[in-house]
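What follows is each chain in one-letter form.
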Amino acid sequence: QLQLVESGGGVVQPGGSLRLSCAASGFTLDGYAIGWFRQAPGKEREGVSCISSSGGITKYADSVKGRFTISRDNAKKTVYLQMNSMRPEDTAVYYCAAKPGLVFFADSSCQRGYGSWGQGIQVTVSS
C-alpha cells in the first residue's frame, strides 16, 4: 500500500504563506490521485483540493480557490499544497490521502474514495 507523510506545517500570520508537502514511500505516485483534507476543532473533515494522477485535473473547495494551489512532481514522489493569503479559518490539521487513478476516473471527487492517509500536520494561522 502507498504510504504518505505530510510536512511543511507550522504557524503563519494572516496573509502569509505555507507550502505543505505530501511524500510517498515505497511506491510511485503516478497511479494515484491525491487529495488534501483538513479538520478543524469541532468540525468535520473536509476536502480542500485534489489532483489527478497525471496532474492534468485539479480541483479546489470554494473556500480556498484563488489562494491555494495543488501540484505534483511524480519523479520526486511528492504532492504539494501552496497556501497563500492565509486566513485564521484555514487553521486545521491537514492530511493527504490517495485515490487510485482508475477510481478517480470514475468519480473525480475530492471527498470520496481516499485511503492511505498520512498522519496529519498542524497548520495554524494566527496573529
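Residues numbered from 1 in each chain as written. Predicted model: local features only at pLDDT ≥ 70, side-chain atom pairs only at ≥ 80, totals over all residues. Heavy atoms only, no water.

1. Regarding the sheet that holds strand β3 (residues 18–25)
The strand order across the open sheet built from four strands is β1-β3-β8-β7, with neighbouring strands paired in antiparallel fashion. At either margin of the open sheet sits one strand with a lone partner, and together these are β1 (3–7) and β7 (68–73). Sheet twist, expressed as the mean angle between neighbouring strand axes with direction ignored, is 15 degrees. With five bridges joining them, β1 and β3 adopt antiparallel strand pairing. Bridged to Glu6 within β3 is Cys22. (Pairing = 2+ DSSP bridges. Helix = DSSP H or I, 4+ residues; strand = E, 2+ residues; numbered from the N terminus. Axes fitted to C-alpha atoms, helices over the stretch in contact; angles between N-to-C directions.)

2. Let's talk about the nonpolar core
By size, the foremost hydrophobic cluster in this structure holds 28 residues, and its most contacted members are Leu4, Ile34, Trp36, Leu81, Met83 and Tyr94. Those elements giving two or more residues to this core turn out to be β3, β4 (32–39), β5 (46–51), β7, β8 (78–83), β9 (92–100) and β10 (121–125). Aside from chain neighbours lying at most four places away, what touches Leu81 is Leu18, Arg19, Leu20, Trp36, Val48, Ser49, Phe68, Thr69, Ile70 and Tyr94. (Core = buried A, V, L, I, M, F, W, Y, C linked by side-chain atoms within 4.5 Å. Buried < 20%, exposed > 50% of the residue type's maximum accessible area, 1.4 Å probe, protein only. Contact = heavy atoms within 4.5 Å.)

3. A closer look at the sheet that holds strand β6 (residues 58–60)
With mixed pairing, the six strands of this open sheet are ordered in space as β2-β10-β9-β4-β5-β6. Looking at which strands have only one partner, the edges of the open sheet turn out to be β2 (10–12) and β6. In this sheet, adjacent strand axes meet at a mean angle of 25 degrees when their direction is disregarded. Alignment of β4 against β5, held across five bridges, turns out to be antiparallel. Its bridge partner being in β5, Gly35 is matched across the sheet by Cys50.

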